[in-house]
Amino acid sequence: MGQPFRPRDPLMPVHAYQTFNINSPSDRMVKTVCEKVGCRHWREGWESVIDESTQLGQAQAAFIRTQSGRTFREQRNGLGLTVFRFEPYQRCFAEHQTRPEMYLVRGGDWRGSTGQVRVHKRAEDWVEHVQQHMGLLLDERDKG
């Protein structure tokens, strides 16, 4: 990979800059919620068709009714199977995984680091930090 395009040399020393990064370790996965992975079942709801004539089906239906904590409607279809219709915006039964993200703000720029590093726990906090910093830069530009 080549060097990034830089239109000109920096006008200020390294310590006058901040670098904002989002890093995601490629070798690690973490459990996450449906909403964060764009789960279709979470967004649209879903149906589970259970055959209660088997032991497995009886156990699945009992779990759904008494332990799942999900909102659903229950009915029988023409084949005598139990159909559980789950409403949207609730966790499905899948175990979703994603790569964790680290939201970093480092003192310095591509020339070097000042050693200051801040790690935000939430993307929203990192975005707010970027916006505040951009606001300061725009204020300085407007001053001349």
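Anything mentioned here points back to the structure above.
Reading guide: rules and limits
Residues numbered from 1 in each chain as written. Predicted model: local features only at pLDDT ≥ 70, side-chain atom pairs only at ≥ 80, totals over all residues. Heavy atoms only, no water. Helix = DSSP H or I, 4+ residues; strand = E, 2+ residues; numbered from the N terminus. Polar contact = N/O pair within 3.5 Å; in protein donor to acceptor, adjacent residues only side chain to side chain. Contact = heavy atoms within 4.5 Å. Expected span 1.5 Å × (residues − 1). Buried < 20%, exposed > 50% of the residue type's maximum accessible area, 1.4 Å probe, protein only. Arc of directions from axis to C-beta. Phe/Tyr/Trp six-rings, centres within 6.5 Å; stacked < 30°, edge-to-face > 60°. Pairing = 2+ DSSP bridges. Axes fitted to C-alpha atoms, helices over the stretch in contact; angles between N-to-C directions.

Colleague: Before we go on, may I ask you to explain the side chain of Thr 82 in this structure?
Modeller: Mapped onto the elements of the fold, Thr 82 is located in strand S5 (residues 82–86). In terms of polar contacts, Thr 82 uses its side chain to reach the side chain of Glu 52, at 2.5 Å. Those residues in contact with Thr 82, other than ones at most four positions away along the chain, are Ser 48, Val 49, Ile 50, Glu 52, Arg 65, Glu 74, Gln 75 and Arg 76.

Colleague: Help me out: how do you make sense of helix H4 (residues 123–143) in this one?
Modeller: Note that an α-helix has 3.6 residues per turn; residues three or four places apart therefore point the same way. Relative to the 30 Å expected for 21 residues at 1.5 Å per residue, H4 spans 31 Å between its end C-alpha atoms, a close match to the ideal helical length. Residues of H4 that are buried: Trp 126, His 129 and His 133. Angularly, the buried residues of H4 cover 60° about the axis, an arc narrow enough to put them on a single face. Opposite the buried face of H4, at more than 90 degrees from it, the exposed residues are Glu 124, Gln 131 and Asp 142. Looking at the buried positions of H4, the neighbouring elements they touch are strand S1 (18–23), strand S7 (102–109) and strand S8 (112–120). Immediately beyond the C-terminal end of H4, within one or two residues, lies Gly 144, with a positive phi of roughly 105°.

Colleague: Honestly, the packing of aromatic side chains in this entry has me stumped. Any pointers?
Modeller: Scanning all chains against the criterion turns up 10 aromatic pairs. Pairing Trp 46 with Phe 86 gives two aromatic rings, centres 4.5 Å apart and planes at 10°, and the pair type is stacked. Of this pair, Trp 46 sits in strand S3 (residues 46–50) while Phe 86 sits in strand S5; the two residues are 40 residues apart in sequence, bridging distant segments of the chain. A relative accessible area of 6% means that Trp 46 is categorised as buried. Looking at Phe 86, the relative accessible area reads 0%, which means it is buried. Ring centres of Phe 72 and Phe 86 lie 5.8 Å apart, and the angle between their planes is 55°; this geometry places the pair in the tilted category.

Colleague: Got a minute to help me understand the sheet that holds S8 in this structure?
Modeller: Strand pairing in a sheet takes place through backbone hydrogen bonds and is either antiparallel or parallel in direction. Read across the sheet, three strands follow the order S1-S7-S8 without closing on themselves; strand pairing throughout is antiparallel. Strands at the two margins of the open sheet, each flanked by one partner only, are S1 and S8. Each neighbouring strand pair of the sheet contributes to a mean axis angle of 25°, computed without reference to strand direction. The sheet contact formed by S7 and S8 spans six bridges and is antiparallel. By the bridge assignment for S8, Tyr 103 is matched with His 120. Each of S1, S7 and S8 touches H4; the most contacted strand, S1, lies at about 160° to it.

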